[in-house]
Amino acid sequence: MRKNILLILFTFYFSFAFSNEWNNAQWIWQQEDGPSNTWMSFRKIITLDEVPEKVEALIAVDSKFWLWINGEMVLFEGGLSRGPSQAGEWNRKQKITPTNSWYDTVNIQPYLKKGENTIAILAWYWGRETHKGTHIDSGKGGLLFSANIGNQPVVSDASWKALQHPGYDNTIAPSSKAIVQYNVLFDAQKSIGDWSEKAWYKTDFNDENWPRAVEKGKLGVAPWYNVEPNIVPHLINHGLENYENHETLKFPFVSDGKMLKAKLPFNKQITPYLEIEAKAGDTIFITTDNRLNRINATYITKEGKQSFESFSWMNGHEIRYTIPKGVKVNALKYRWMSVGKMAGKFEIDDPFYQRLWWMGNNTLFVCARDNFMDCPDRERALWIGDVADQVGYLFYSMDNAGRQLLKKAILQTTAFSENGVMGALGPLRVRELVAQSLQFIAQGIWPYYLNTGDKETLEKAYPFVYDYLALFPMQENGLPEYRKGKSPDSWNWVDWGVKKTIDEQPIQMAFYYLALKEAKKMAEVIGKTEDIKWYSERMDVMKPAFDKAYWKNGFYSTNVDKFKDDRANAIAIVSGIANPDYYNQIVDNVLIPNRFSSPHFEWIAEEAMCIAGRYKASLERMKVQYQSQVDKKTMSTLYEMFPRGGSYNHAWNAPNTILSKHIAGVRPTKVAWSEFEIMPALVHLENIKKTIPTVKGDIDVEIHVSELEYQLNLSSPKETEAIIGIPKTEKTIDKVYVNGKCVWSKGKIKKKIKGVLFKGEDMRYLKFVLLSGNWELEAIYK
């Protein structure tokens with residue numbers, strides 16, 4: 001009840017605070033509320049005496065929109081699958097999910113001019129939900145627009161023209177039961193021409209007979225309720241590009257009716273495009289090579305020259321066009337849209353690991369759009385366990401857009417919690433997979449704060465973290481009760497992999513311990529003293545209890561005759577609940593001989609080996625597991641299962657975490673990368689170059705090692721400190737030079753240099769602290 005009262009108060013405040021900004025704009029649509037899969041064209045003509053220096057438009061829609069001003073594309077695909085937060089009480093039985101809506105802020109100033117301007121918006125209303133829960137349907141198509149252009153407010157209302165686009169067929173069946181988006185069937189013979197340009201009386205286009213938009217209600221009205229800003233930067237539009245085999249296709253040409261295979265440089269999310277000359281009524285079909293792809297496009301030609309782009313995105317390595325015989329093809333192109341840039345870089349002198357990192361990076365990007373997703377083809381679902389796997393390497397690969405997309409996942413997941421449960425699939429569906437919820441707390445929420453320093457988001461998420469961990473009653477044996485089937489929509493799932501090898505109980509116990517450990521850090525940050533004590537007491541009891549319950553003379557198991565599980569033993573090490581004295585036994589007895597995990601757990605096994613100091617064994621295991629995929633040169637992303645199976649682009653592949661964090665050895669040691677370390681474990685490698693896109697700026701690292709020399713070049717941004725470890729690798733370090741000056745010689749500090757501090761040494765590294773700036777370090781071995 002208290003949460004509901006707070007929600008009502010927040011809704012009232014939010015509506016009041018934003019009413020002026022929206023200038024009493026009306027949600028508009030056609031008279032009919034839908035129907036589903038409707039493409040609606042909106043037009044508004046405004047006249048300006050002057051163009052102000054700054055003009056931003058606020059646009060909310062269910063579900064997607066494309067914006068033009070004066071015929072020029074301003075934003076390609078705005079909007080998000082719905083569900084930023086709850087707007088009222090959730091009635092699961094009657095499937096009533098009142099939720100607020102997202103809005104985008106768009107800079108339209110560069111596209112405006114003195115005199116007459118045409119604003120054109122194509123809105124796509126999905127009008128459906130799926131059991132994967134990625135989108136909460138409002139039940140009504142709607143567009144909300146507001147812009148202050150100088151002293152002139154421009155808002156969506158009945159003065160706008162609105163026409164359901166007749167070229168799009170909205171009677172087609174959904175593309176699948178699992179994904180919300182539809183295929184596209186476009187009949188160019190029913191097209192309305194280029195309706196995004198000037199006033200009808202200045203071109204051949206005429207909107208005089210278009211109906212007026214129908215007003216559906218102001219900001220705050222059901223079913224859209226209030227609006228919240230889209231916190232993720234707009235998708236990067238890479239523009240229309242030629243395919244890799246553009247030259248061999250030899251444009252222009254006349255189609256012979258056979259399928260054309262247009263090759264992408266790697267597996268991307270794209271919208272396909274064509275320019276042709278044809279007679280009316282020919283049918284062109286566009287799909288991809290991905291056997292699990294559910295999105296296709298069908299285009300019915302009109303007479304003469306024409307172009308077409310299908311706005312429902314698809315993915316694959318090849319885009320396949322089936323064009324009737326006799327059609328002249330002038331161009332085939334594609335548009336790649338990405339969440340931010342591929343800002344992180346990794347170069348290494350072993351071609352296997354170099355290619356594997358590239359494939360992992362591609363997999364990360366093809367599994368990110370409206371949300372981080374398990375795969376871009378059959379589900380597009382936000383499984384938070386998959387997101388936690390992605391978190392391990394997104395901070396080494398993605399820029400601010402990726403960080404914001406993770407923030408969105410955290411806020412959405414917690415906002416749609418129910419009875420203390422953070423669902424593993426959402427926002428619409430609170431499906432509890434216990435291991436994934438615990439993993440998301442430990443390997444999703446805490447790393448987000450550690451890497452960004454975003455305390456506000458941590459404070460919003462933390463109450464839900466505590467509430468979930470409090471659902472686990474402790475038993476007399478010192479371990480929490482194994483949680484199974486406690487919520488209405490639960491699934492006792494831990495991993496795929498080799499059947500009948502999963503030792504579930506120690507896995508859940510270790511994940512719970514890891515979640516306690518990371519939640520304790522959260523409580524320390526936000527000053528929850530009583531909670532800190534609660535976490536500590538549970539952890540203190542659990543650690544010896546775990547050993548007593550599961551240690552079986554060489555590995556952890558509930559039944560030595562049945563389970564020798566690499567997953568259970570790996571997470572025991574990674575969580576910190578395992579006794580460090582047992583690490584080498586675990587590696588030798590379990591992690592080297594047994595490879596039962598799917599990619600979801602594989603990176604955890606490899607990380608456990610690194611924590612145990614067994615870097616060579618970790619790389620060898622990684623190579624065995626991924627060899628067949630890396631060797632397949634037609635592949636650019638990674639499979640759902642080993643050696644291949646399921647989707648060929650699945651989010652939970654995270655070998656890049658190991659290569660970046662442990663082999664290159666770069667990781668944050670204080671919040672927001674204010675301090676980080678470079679402690680490489682190069683094994684057989686001699687050269688590494690790495691760029692890490694942090695919240696402080698890019699960190700560039702270059703390492704070269706030979707028999708007698710270790711070289712490190714570092715460029716680090718302001719307000720950072722780097723702890724540098726020079727590997728001893730069973731050698732004696734004779735001298736160390738920084739920027740050409742000797743700072744260490746024969747076991748002693750030689751000369752002090754501003755910005756360089758001696759940190760000490762241990763069995764593996766000689767350590768220095770380098771303040772922000774550009775550094776060249778050289779160590780000479782005896």
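Structural data are supplied above this passage.
Residues numbered from 1 in each chain as written. Predicted model: local features only at pLDDT ≥ 70, side-chain atom pairs only at ≥ 80, totals over all residues. Heavy atoms only, no water.

Draft legend 1. Local environment of the overall build of the chain. Each helix and strand in the chain was counted, giving 14 helices and 34 strands. In summary, the chain has a C-alpha radius of gyration of 28 Å against a globular reference of 28 Å for 782 residues, a match within 12%. In the chain, of all internal contacts separated by at least 6 residues, the share reaching a separation of at least 24 is 75%. For the chain, the computed accessible surface area is about 30,800 Å², with 49% contributed by carbon and sulfur atoms. Separation of charge centres in the chain, based on 97 positive and 92 negative side chains, amounts to 2 Å. (Helix = DSSP H or I, 4+ residues; strand = E, 2+ residues; numbered from the N terminus. Rg over C-alpha atoms; globule rule 2.2 N^0.38 Å. Contact = heavy atoms within 4.5 Å. Areas by Shrake-Rupley, 256 points an atom, 1.4 Å probe, with all protein chains shown as cover. Lys, Arg positive; Asp, Glu negative; His and termini not counted. Charge placed at Lys NZ, Arg CZ, Asp CG, Glu CD.)

Draft legend 2. Region of the structure containing the environment of W496. Along the chain, W496 turns up in the loop between α7 (455–469) and α8 (504–526). On a C-alpha basis, the gap between W496 and H600 in space is 8.1 Å, while along the polypeptide they are 104 residues apart. Setting aside residues up to four positions removed in sequence, W496 forms contacts with W491, I502, R567, S598, E640, M641 and W652.

Draft legend 3. Region of interest: the nonpolar core. Ranked by size, the top nonpolar core spans 204 residues in total, and within it Y321, L469, Y710, L714, I726 and V736 carry the most contacts. Ranked by the residues each element gives to this core, the list is headed by α8, at 13 residues. Setting aside anything within four residues of it in sequence, one finds Y321 in contact with Y243, K258, M259, L260, A262, P272, Y273, L274, F285, I286, L332 and K333. V106, Y125, L143 and A162 belong to the second-largest nonpolar core, a separate cluster that totals 30 residues. (Core = buried A, V, L, I, M, F, W, Y, C linked by side-chain atoms within 4.5 Å. Buried < 20%, exposed > 50% of the residue type's maximum accessible area, 1.4 Å probe, protein only.)

Draft legend 4. Layout of the packing of aromatic side chains. Inspection of the entire model under this criterion finds 48 aromatic pairs. For the pair W39 and W124, a centre-to-centre distance of 4.3 Å together with 10° between the ring planes defines the contact as stacked. One end of the pair, W39, is in strand β2 (residues 38–48); the other, W124, is in strand β7 (residues 115–125), with 85 residues separating them in the sequence. With respect to burial, W39 and W124 carry one shared label: buried. Between the aromatic rings of W66 and F76, the centroid separation amounts to 6.1 Å while the plane-to-plane angle is 90°, which identifies the pairing as edge-to-face. Residue W66 is located in strand β4 (residues 64–69), and its partner F76 is located in strand β5 (residues 72–78); the two are separated by 10 residues in the primary sequence. In this structure, K623 packs its charged tip against the face of F352, placed 5.3 Å from the ring centre. (Phe/Tyr/Trp six-rings, centres within 6.5 Å; stacked < 30°, edge-to-face > 60°. Lys NZ or Arg CZ within 6 Å of the ring centre and 35° of its normal.)

Draft legend 5. The arrangement of the packing of helix α3 (residues 351–366) against helix α14 (residues 655–663) in detail. Across the interface, α3 lies against α14 with an axial gap of 9 Å and an inter-helix angle of 120°. Taken together, the axes of α3 and α14 lie oblique to each other. Taken as a pair, α3 and α14 cross one another with a handedness that is left-handed. Contacts between α3 and α14 pair Y353, L356, W357, G360 and N361 from the former with P655, N656, L659 and S660 from the latter. Taken together, the residues of the contact of α3 with α14 sort by class into five nonpolar, four polar and no charged. (Axes fitted to C-alpha atoms, helices over the stretch in contact; angles between N-to-C directions. Parallel < 35°, antiparallel > 145°, perpendicular 65-115°, else oblique. Left-handed = near helix turned anticlockwise from the far one by under 90°. Nonpolar A, V, L, I, M, F, W, Y, C, P; charged D, E, K, R; others polar.)

Draft legend 6. The pattern of salt bridges, seen in detail. Under the definition given, this model contains 33 salt bridges. Linking D489 and R431 is a salt bridge whose minimum nitrogen-to-oxygen distance equals 3.4 Å. Remark: R431 occurs in the loop between β24 (425–426) and α6 (434–452) and D489 occurs in the loop between α7 and α8; sequence separation between them is 58 residues. Given a relative accessible area of 13%, D489 falls into the buried group. (Salt bridge = Lys/Arg side-chain N within 4 Å of Asp/Glu carboxyl O.)

Draft legend 7. Up close: the pairing of β4. Burial within β4 is extensive, with six of its six residues counted as buried. Along β4, one buried face is formed by K64, W66 and W68 and the opposite face, lined by F65, L67 and I69, is buried too. Direction of pairing for β4 relative to β7: antiparallel, over a ladder of six bridges. When the sheet's bridge partners are listed, L67 is paired in β7 with I121. Direction of pairing for β4 relative to β5: antiparallel, over a ladder of four bridges. The residue of β5 that forms the bridge with W68 is M73. The turn linking β4 back onto β5 is made up of two residues, and N70 within it adopts a positive phi angle of 55°. (Pairing = 2+ DSSP bridges.)

Draft legend 8. Fine view of the environment of V738. Within the secondary structure, V738 is located in strand β30 (residues 733–738). Relative accessible area serves as the criterion here: at 1%, V738 is assigned to the buried category. With 712 residues separating them in the primary sequence, V738 and Q26 have C-alpha atoms 64 Å apart.

Draft legend 9. Broad picture of the sheet that holds β7. Spatially, β5-β4-β7-β2-β10 is the arrangement adopted by the five strands of the open sheet, whose pairing is antiparallel. Both edges of this open sheet fall to β5 and β10 (161–164), since each of them pairs with a single strand only. The sheet shows a mean angle of 15° between the axes of neighbouring strands, direction not considered. Direction of pairing for β2 relative to β7: antiparallel, over a ladder of 11 bridges. Its bridge partner being in β7, F42 is matched across the sheet by I121.

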